[in-house]
Each structure stands twice: as structure tokens, then as C-alpha cells.
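# Topology and contacts: notes
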Amino acid sequence: MRKFLSDVNRIVIKIGTSSLIHPSGKVNFSGIDQLAFVLTDLNNQGKEIILVSSGAIGVGMDKLRMTERPTTIPEQQAVAAVGQSELMHFYNQRFLAYNQQTAQVLMTRDIVDYPESRKNAINTLEQLLSMNIIPIINENDAVAVDELDHLTKFGDNDELSAIVSQMLDADLLIMLSDIDGFYSDNPNKNKEAILYSTISAITKETMAQAGESAGSKFGTGGMISKLKAAKRILDAQSAMVLANGKPPRIIFDILDGKEVGTLFKGEE
């Protein structure tokens, strides 16, 4: 069933904070370097690559030597503003080592909700791809808010990556996290938990199996947000693979059709 993965052309890769930041809170430079190598190599093969990257707050916390994630919105946005520029510095440095040009694209929910803004965002991304430039997308955490009727926040980058996949009619979304895929139960608590190879529909039972898992203290997201993203992908009749992003070279295995992670794809 996974043979089709070797033929996909337009790929959105979402990398989570846990793949960019060590448990110690320090930046995972080897992971960033390997990600740059893998995505550049795929681009050299002629594939169109879009990276949706978390990590702004995690990198900002490291830069500011903070050990605990700030709790107030203004603090989080300030730390994200510091971290985003630092994160892009790391990406620019490592991608340029492989002669690959990148571009930063910051988005808020209203950009994709309003037709004219959505069209402009799509045009920008399409132009970057046509120039063999890899867009690096993140939510504009420094200004995004989610209150009353002023909804500008996606919720997390899991949803953002699925929305970007829809906007660009991507063939595949690869979601890299700190877990090997989707399990029947929390594998950290239940050693009998089963790793699903393929999921063809997101049901109430599937959502219940996700539990109440949350992201790390350096990021947001959890299994429920990944399933919501998967549902969006399935509704668009596309495909998504959830896999462990340590190391990022697993992307090669995914595109070779190897049985790694969980494939979310509707039945033929």
C-alpha cells in the first residue's frame, strides 16, 4: 500500500519542537543539520518541499536561558519573537551549507480564512517552489491571538501543516514528532500498546485512543491535534505519515515505502 509514496512530488514536512530541542532544553543542532540535508537532497531530486517548523518558543527559551515555559500570552509571544529569528538563523546557516535557498513565511489564521489573503499566500508559496526555494512556515506567534471574535491562531502547527497541505494540494504530509506513530494506547504507560501501520478513518474510537496527551513544555500539540490534522488530510483525500523525527533521515525511509510510522490514507 505504501509503494505510492515513492512517487509523491509535493511534500509538506512538519517538524515538532521535540525534534528540534533536546529534553535538556538545548537546541538539537544535529537534528537541524540532518533535516537541512534530507530536505535539500529531496529538492535536488526534483521534489517540491515545504517545511512547517515549530520551535520558536523552545529556541527562544534556550536563547534567554529560561527553564520553564512562560505562562502569560505576552511572555510567550516575546519569547517566540526572540526564538523565531534565532531558529531561522540556524536554518539559513545549515541549508546554505548544502547550497539550498530557504524563505521564511509567517502565517496567522485570518490569512487562510479570507479569500484574497489566502490567494496571495498561495501565490507566494507557489512562486517560491517554482524557484526551487524551500519555504519554512511557522505561525506568527508574536501577533497571533485567539480570543472573542478575533480568531487569528491556528491552534498549533499540526493543524497549520494540514491547512498548508490543503492550500497547496500537496501529495503528502509527513508529520515528525517524538513518537513512532499512532498507538492503540499510550506506549509510555502501556507496554502492550499496538502501533498502527495504517489508519483509513478518524473515528470517535480513534480519538478516544489518543487520550489527553499534550506536547512537551517546549512546545504545544499532542496526539489529539495530530489526529485532527490527519482528519483534515483524509477529508481532502490526501495522505499523511506520522513518524518519529529523531532522526530526520526517517523521511528517506518513508518515501521509500518502508513500514515506518503510521500512514493515514483513505481506502481505495
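In this numbering scheme, every chain counts its residues from 1 along its sequence in written order. Reporting of local features is limited, given that this is a predicted model, to residues whose pLDDT is at least 70; pairs of side-chain atoms are given and counted only at 80 or more, and all residues count toward the totals for whole chains, interfaces and linings. Hydrogens are left out, water is left out, and the side-chain values use all remaining heavy atoms of the structure.

Keep this limit in mind: UniProt positions are given in the numbering used here, feature names are shortened, and annotations may be inferred rather than shown by experiment.
As annotated in an unreviewed UniProt entry, the protein carries the name Glutamate 5-kinase and comes from Enterococcus pallens ATCC BAA-351. Under the UniProt heading Pathway (unreviewed entry), the note attached to the protein is "Amino-acid biosynthesis; L-proline biosynthesis; L-glutamate 5-semialdehyde from L-glutamate: step 1/2."

## A word on the environment of Phe-4
Just so we agree on the cut-off: Only DSSP runs of H or I with at least four residues qualify as helices, and only runs of E with at least two residues qualify as strands; both kinds are numbered from the N terminus onward. Every residue pair with non-hydrogen atoms within 4.5 Å of one another is taken to be in contact.
Inspection of the secondary structure puts Phe-4 in the segment before strand E1 (10-15). A sequence separation of 253 residues divides Phe-4 from Gly-257, and the C-alpha atoms of the two residues are 7.4 Å apart. Apart from residues no more than four positions distant in its own chain, Phe-4 is found in contact with Ala-239, Leu-263 and Lys-265.

## Concerning helix H7 (residues 157-167)
Rule in force here: Burial classification: accessible surface area is computed with a 1.4 Å probe over protein chains only, and a residue below 20% of its type maximum counts as buried, one above 50% as exposed, and the rest as partly exposed.
Among the 11 residues that make up H7, nine are buried, leaving the element largely enclosed by the rest of the structure. Among the residues making up H7, those that are buried are Asn-157, Asp-158, Leu-160, Ser-161, Ala-162, Ile-163, Val-164, Ser-165 and Met-167. Note on H7: the residue one or two positions beyond its end, Asp-169, has a positive phi of about 50°.

## Observations regarding the pairing of strand E10 (residues 262-265)
Threshold: Two strands qualify as a pair provided that DSSP identifies no fewer than 2 bridges between them.
Here E10 shows two buried faces, one formed by Thr-262 and Phe-264 and the other by Leu-263 and Lys-265. In terms of strand pairing, strand E8 (residues 198-199) meets E10 through two bridges, oriented parallel. Of the residues in E10, the one forming a bridge with Thr-198 is Leu-263. Here strand E9 (residues 239-244) pairs with E10 via four bridges, running antiparallel. Bridging from a neighbouring strand, Ala-239 pairs with Lys-265 of E10.

## Concerning the packing of H7 against helix H9 (residues 223-235)
The line we're drawing: Axis lines are fitted through C-alpha atoms, for helices just across the contact stretch, and the angle between N-to-C directions can take any value from 0 to 180 degrees. Any angle that falls under 35 degrees is termed roughly parallel, while one over 145 is termed roughly antiparallel, one within 65 to 115 roughly perpendicular, and all others oblique. All amino acids are sorted into three groups, where Ala, Val, Leu, Ile, Met, Phe, Trp, Tyr, Cys and Pro are nonpolar, Asp, Glu, Lys and Arg are charged, and the leftover types, Gly among them, are polar.
Contact geometry of H7 with H9 gives a least axis separation of 8 Å together with a crossing angle of 10°. The angle between H7 and H9 places the two elements in the roughly parallel class. Two secondary-structure elements touch here, H7 through Asp-158, Glu-159, Ala-162, Ile-163, Ser-165 and Gln-166 and H9 through Ser-225, Lys-226, Ala-229, Arg-232 and Ile-233. The residue inventory of the contact of H7 with H9, partitioned by class, reads four nonpolar, three polar and four charged.

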